[in-house]
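Remarks on the overall topology
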Amino acid sequence: MTEGVINHWKANANAYPRKFILTPAQHQGYVESRRKGIGGTSVNVNEHMGVPVELDESTPGVMVAADGSELTLP
């Protein structure tokens, strides 16, 4: 996700992506990794680098770019 934001900044004159959309399982993994790493237990897991994080059962896991296009997360 971090790499996606950085690449988006570089390609879009520092514009932020609109949001990330994750499955509940992907979000749980994200939460666990964030709480064990940078931010600790107090980290806000509803955003990543200032980009909102939403949940949706039907997503493959995407970053929604500033122009509305969806980029599948690795």
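Numbers given for residues are sequential positions, taken from 1 along each chain in its written order. Local features in a predicted model are, by the rule used here, given only for residues with pLDDT of at least 70; side-chain atom pairs are given and counted only at 80 or more, and totals for whole chains, interfaces and linings are based on all residues. Water and hydrogen atoms were dropped before computing side-chain values, which therefore reflect all heavy atoms in the structure.

Attention shifts here to the layout of surface pockets. The distinction between a cavity and a pocket rests on a 1 Å grid over the protein atoms alone: a 1.4 Å probe fits inside a cavity but cannot get out, while a pocket stays open yet meets protein on both sides within 12 Å along at least five of seven lines, and a residue with an atom within 4 Å of a point counts as lining. Grid points are joined across faces, edges and corners, and a volume is the space filled by probe spheres set on the points. Here the largest pocket is characterised by a volume of approximately 230 Å³. Lining the largest pocket are M1, E3, G4, N7, H8, N12, M63, L71, T72, L73 and P74. The helix count covers DSSP runs of H or I at least four residues long, the strand count covers runs of E at least two residues long, and both are numbered beginning at the N terminus. Of the residues forming the lining of the largest pocket, the biggest block, four residues, is contributed by helix α1 (residues 2–11). Each residue receives one of three labels: charged for Asp, Glu, Lys and Arg, nonpolar for Ala, Val, Leu, Ile, Met, Phe, Trp, Tyr, Cys and Pro, and polar for the others, Gly being one of them. Tallied by class, residues from the lining of the largest pocket come to five nonpolar, five polar and one charged.

For two strands to be treated as a pair, DSSP must find no fewer than two bridges joining them. Taken in spatial order, the five strands make up an open sheet running β2-β3-β1-β4-β5, and their pairing is mixed. Of all strands in the sheet, those bounded by a partner on one side alone are β2 (47–48) and β5 (70–72). Inspection of the sheet shows strand β1 (residues 19–22) paired to strand β3 (residues 51–55) by three bridges, in the parallel sense. When the bridges of β3 are listed, L22 appears paired with L55. We call two residues contacting when some pair of their heavy atoms lies within 4.5 Å. For helices, the fitted line uses only the C-alpha atoms of the stretch in contact; every axis is such a line through C-alpha atoms, and the angle between N-to-C directions lies from 0 to 180 degrees. Here α1 sits on the sheet in contact with β1, β2, β3 and β4 (62–64), set at roughly 30° to β4.

Centres within 6.5 Å are what make two rings of Phe, Tyr or Trp a pair, Trp counting through its six-membered ring; a difference in plane orientation under 30 degrees is then read as stacked, over 60 as edge-to-face, and the rest as tilted. As enumerated under the stated definition, the model contains one aromatic pair in all. Judged by centre distance (5.4 Å) and plane angle (80°), the ring pair of W9 and Y16 falls under edge-to-face.

Another aspect to go through is the nonpolar core. Throughout, nonpolar core names a set of buried Ala, Val, Leu, Ile, Met, Phe, Trp, Tyr and Cys residues whose side chains join them through atoms within 4.5 Å. Only protein chains enter the area calculation, which uses a 1.4 Å probe; residues under 20% of their type maximum are buried, those over 50% are exposed, and those in between are partly exposed. Core analysis: the largest hydrophobic core is formed by eleven residues, namely V5, F20, L22, Y30, V31, V43, V45, V51, V53, M63 and L73. Among the secondary structure elements, those contributing two or more residues to this core are β1, α2 (24–36) and β3. When sequence neighbours within four positions are dropped, the list of residues in contact with L22 reads M1, H27, Y30, V53, E54, L55, D56, T59 and L73.

Along the polypeptide, A65 turns up in the loop between β4 and β5. In this structure A65 comes out as buried when scored by relative accessible area, which is 6%. When the C-alpha positions of A65 and W9 are compared, they lie 10.0 Å apart, and in sequence the two are 56 residues distant. Every residue in contact with A65, bar those within four places of it in the chain, is listed here: H8, P17 and R18.

The next point concerns the environment of P60. Its location among the elements puts P60 in the loop between β3 and β4. The class of P60 is exposed, set by a relative accessible area of 54%. C-alpha of P60 to C-alpha of W9: the two residues are 51 residues apart in sequence and 22 Å apart in space.

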